[in-house]
Amino acid sequence: MRRAFCFVFAMASLLVSCQASAKDICLDCHKEKTPGIVSYWSESRHSSEKISCVSCHGGDVDANHNRTATVTASKCGECHKKAFIDHSVSRHSIGLKSGRGCTRNFETSSGQTGCIFCHEEGSSKPRVKTECAMFLAQTPEMQKQGCDACHRVENRCDTCHTRHGTDISFARQPQTCGTCHMGPDHAQLEMWETSTHGVLYRQGKEKSGPSCVTCHMKAGSHNVSRGIATGIPESAELLRKQERAFMLDICSSCHTRSMASRSLEDADMIGKQSSAIVSEAFSLVEELKNEKLLYPSAEERPIHPLFGRNIVTGPHMLYENISAAESIYFRMKQFHYMNAVKGAFHQNPDYTHWYGNAPLKLSLSELKSEAALLRSVDVLKKRLDNIAPSDRSDDSASSDLKKMLRDIIDRRLRGDISEKEFQEQKDRLMKEKGL
Amino acid sequence: MSDRRKGKSRYIIRALGLPLLFVLMLSCAAVPSGPEGAESSLKAVISKIDDNVKQQAGSIAWTDDRSSIAYISDSLKIYSIRRGDVRSTNIYTAAFIASGPGSLIYIISEENGSRRISSLDTETMEHRDIPAGLQPDAVFAVPDNKGLMLMSVRLIQKNLWAELDYSAYLLENASGKIRQIYGSQRIIQGRVSMSGHQSGWLWPGLRPHDSAILAVEYVKPPVIMPYLRITLTDYITGRSRDAGRIEHSGLSAPFSWSPDGNRLAFPDINGKLKIYDINEKVTADLPSAAAEGSFPSWNPAGSQIYFGGHIINSDGSGQRMLFEDARNSMGIWSPDGRMLAVVHNKGIYLLKDFVPLLIAPDIIPAPELIRKRMLLKELLTEKLITEQEYDERYDNLTKSGRQ
């Protein structure tokens, strides 16, 4: 009986093993070639739930080997429906939904699937206003590593979740968000880490302080935009109030609602004040552009990927081959403004003030100074150009005399010659010139 | 001249629509004048350029190459001497014009309540802005293309007095820098005429063969007669020097520099012509000059003065009338003195083919002497010589130049 049982068990095991091999045609090879990936997947819930390689990557071995069968969010969404829907309406997928992401959102490197993000089907006419000039100006390597590595969150779940593991604790780590939400353009990780929230979190993890997901992914929602009232148009007042109330509900678990409300209102005001400074800078740069005072000029710059031979200062502004004034403005709107506003919303006083407000105002002063300088140089240039043609060279005889007089004055001051010698030499020079 | 010929002349003149007697014009007769044996000819061809022209200082200017006359009518217009045609510009608000090098003229115009300085090439009609950040009333080209002199006067009329602010700035061509040369605020009791002060300040322009502007200040002491204090301010060194006083009961007067820069012609309070010598500091009456006028204008030879519709020899003799009813007319000589443009209340006239009187012309300083003076001024400005050295050497140069 015992032997019969062992035989049946062995046959059953063999059958299961054979079935698994039939399903996971990848594993045999990948166990050898990419053991880490296989091991990571084996320990995941996907493995235990029988979600195989083919389930996500498809069965087209050639396509997979040609790296054209990447797993997009829509694929994950087939099972993780709520997460996918939440993500789709959030700012994480804004490029994909609005079309503003353009080429960086190509699901494949070629073909209709990619083109229709930006163009009307069968036409080169843009379907929506694209916003990818900065991306288009990069090298392919920088596009991949510098742009797509973050912006692929628009249609890729593995940006936060890793590719073959399913341990959600990875995605919940603040450092995971910090892969993209850090640095000069939006330093949320640093702001949070050095705020009271971050310090408390470091002391006792989520039990004592909030992390990113506590406030921005309430109850595991993948709509990371919930509760963020900034960026919503003034006209959509109701929506703004709803989102603010959503966030205050989260704050209320630790703070009084009124205290949290005051804090966020202060941040709102800091946002408006900072925005006014940036607007002033924008107007100044536009004026300089219209006055043709920006160097290099449009003709001296490489062609803008979207607007051709034009100086672009709007959303499609580049940060290369631009003037000093534009550079100052770029830093203001992309870095200092962000630090001031996001610093205030993340309760970090130093970022709000010294990394945000102070450099924002300093930069505006620099920009005004630069504008004044450019205008005064232009005025000077116009004066010199337009008074009358002139060679402006000093008469050589008079310049020689002036040079020699300066020389003997210097020598007298140094004590190389006496007062008497100085006068004699001076008289001689003047006499030579008939003076 | 026979009655028949006079009648013919008058007929021709009236046919041209001229408001003048113009007795001597077209007569082709040499008119004896001046010392014995000297002759001057007033043989000239006259033509009317325009019916409408502003009668004020700076409303007309010759180009330095004598090719055109620019004048302010309903807009700025350019009369070509060679072609005999008038071209209009789109500068409708020109307020002051002055000649520049070659075919260039400089313009002060008004735009949205502020003054604008520009240049216009009268050949190509190319118009260019010269930004200066000032609100000048007048512009003058500094000789040798050294830059522009920008002058202005502002009047604030109070109930019992008037405040007048005079200023002059030098825009240097070499560096584009602007330096204030002169600034003065004066209080004058009662009500004053802006146009009179503007003419008095702007009409003389720059002193010939020097680097100086003329400032005239009305002084009314309690006991003695009122007078005009004359000051010369050098626009290179910035130094001012007293050039004497002229008894004059008017608040100002439009002075005209003699071409050698040593004398000033001006109308007295009755409109009679006077000559002031700034070296001797004496005023010469010219009893034989009976004409009355407002804007004297010395010809480039220094021998004749256009004044109130008349041509008068600079010693007051040989007065001949060109225009009737022309007390406020202005005569602007071409740079070679062979043509005269007259701004009259009936229009603007051009007298061509003048043969200037060659008796008692001005003695123009030698170019070498002028160059040395300028060099001395530069040395002083750059602090390479002291003020005392400058004064001594300048005087020595002047003395040697006279010998």
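To start, this report covers the structure provided alongside it.

Next up on the list: the packing of helix H20 (residues 257-290) of chain A against helix H22 (residues 349-386) of chain A. Residue and element names in this part refer to chain A. Running from amino to carboxyl end, H20 crosses H22 at an angle of 20°, the nearest separation of the two axes being 10 Å. Comparing their axes, H22 and H20 come out roughly parallel. Note that H20 runs across H22; the crossing there is left-handed. Seen from H20, the contacting residues are Ile270, Ser274, Ile277, Val278, Glu280, Ala281, Leu284, Val285, Glu287 and Leu288; seen from H22, they are Thr352, Leu360, Lys361, Leu364, Leu367, Lys368, Ala371, Leu374 and Arg375.

For the rest of this paragraph, the subject is the sheet that holds strand E22 (residues 282-285) of chain B. Read across the open sheet, the four strands follow the order E19-E20-E21-E22 (chain B); overall the sheet is antiparallel. Two strands close off the open sheet at either side, each with one partner strand: strand E19 (256-257) and E22 of chain B.

Residue and element names in this part refer to chain B. A sheet is described by the order of its strands in space; here four strands give the open sequence E12-E13-E14-E15, paired in antiparallel fashion. If you trace the sheet from one side to the other, it starts and ends with strand E12 (138-142) and strand E15 (178-189), each paired once. On average, each strand axis in the sheet is tilted by 15° relative to the strand beside it, whichever way the strands run. Here 11 bridges tie strand E13 (residues 147-157) to strand E14 (residues 161-172), and the two strands are oriented antiparallel to one another.

Residue and element names in this part refer to chain A. A grouping of Leu136, Leu306 and Phe307 is seen on the molecular surface, where their side chains present a nonpolar patch of about 220 Å² in accessible area. Structurally, the position occupied by Leu306 is in the loop between H20 and helix H21 (324-345). Look at Leu306 and you get partly exposed, because its relative accessible area is 32%.

Here the focus is the packing of aromatic side chains. Scanning the model with the defined rule gives 12 aromatic pairs over all chains in all. Look at Tyr182(B) and Trp201(B): their rings are 5.4 Å apart centre to centre, the planes differ by 40°, and that puts the pair in the tilted class. Here Trp201(B) lies in helix H2 (residues 194-202) and Tyr182(B) lies in strand E15, a separation of 19 residues in the sequence. Taken together, the aromatic side chains of Tyr319(A), Phe330(A) and Phe335(A) make up a single cluster linked through ring pairs. Against the face of Phe422(A) rests Arg412(A), its NZ or CZ located 4.2 Å from the ring centre. A cation over an aromatic ring shows up here: Arg245(B) above the ring of Tyr227(B), its NZ or CZ 4.0 Å from the ring centre.

In this section: the interface of chain B and chain A. Interface size is often expressed as the accessible area that is lost when the parts come together. Every contact between the two is made by 31 residues of chain B and, on the other side, 27 residues of chain A. The contact between chain B and chain A buries some 2300 Å² in all, and 57% of this surface belongs to carbon and sulfur atoms. For the interface between chain B and chain A, the tally reads five salt bridges. The residue Lys402(A) makes a salt bridge to Glu378(B) at a minimum N-O spacing of 2.7 Å. Our enumeration of links across chain B and chain A arrives at 14 residue pairs in polar contact (both at pLDDT 80 or more). When contributions to the side of chain B that touches chain A are tallied by element, the ones reaching two or more residues are strand E9 (104-111), strand E11 (127-129), helix H3 (367-381) and helix H4 (387-402) of chain B. Counting residues per element, the side of chain B that touches chain A draws most heavily on H3(B), which supplies six residues. Within the side of chain B that touches chain A, the residues separate by chemical class into 16 nonpolar, five polar and 10 charged.

The rules behind the values
- Residues numbered from 1 in each chain as written.
- Chains lettered and ligands numbered in written order.
- Predicted model: local features only at pLDDT ≥ 70, side-chain atom pairs only at ≥ 80, totals over all residues.
- Heavy atoms only, no water.
- Axes fitted to C-alpha atoms, helices over the stretch in contact; angles between N-to-C directions.
- Helix = DSSP H or I, 4+ residues; strand = E, 2+ residues; numbered from the N terminus.
- Parallel < 35°, antiparallel > 145°, perpendicular 65-115°, else oblique.
- Left-handed = near helix turned anticlockwise from the far one by under 90°.
- Contact = heavy atoms within 4.5 Å.
- Pairing = 2+ DSSP bridges.
- Patch = residues over 30% accessible without salt bridge, like charges linked within 9 Å, V, L, I, M, F, W, Y side chains within 5 Å.
- Areas by Shrake-Rupley, 256 points an atom, 1.4 Å probe, with all protein chains shown as cover.
- Salt bridge = Lys/Arg side-chain N within 4 Å of Asp/Glu carboxyl O.
- Buried < 20%, exposed > 50% of the residue type's maximum accessible area, 1.4 Å probe, protein only.
- Phe/Tyr/Trp six-rings, centres within 6.5 Å; stacked < 30°, edge-to-face > 60°.
- Lys NZ or Arg CZ within 6 Å of the ring centre and 35° of its normal.
- Buried area = accessible area lost by both parts, 1.4 Å probe.
- Polar contact = N/O pair within 3.5 Å; in protein donor to acceptor, adjacent residues only side chain to side chain.
- Nonpolar A, V, L, I, M, F, W, Y, C, P; charged D, E, K, R; others polar.

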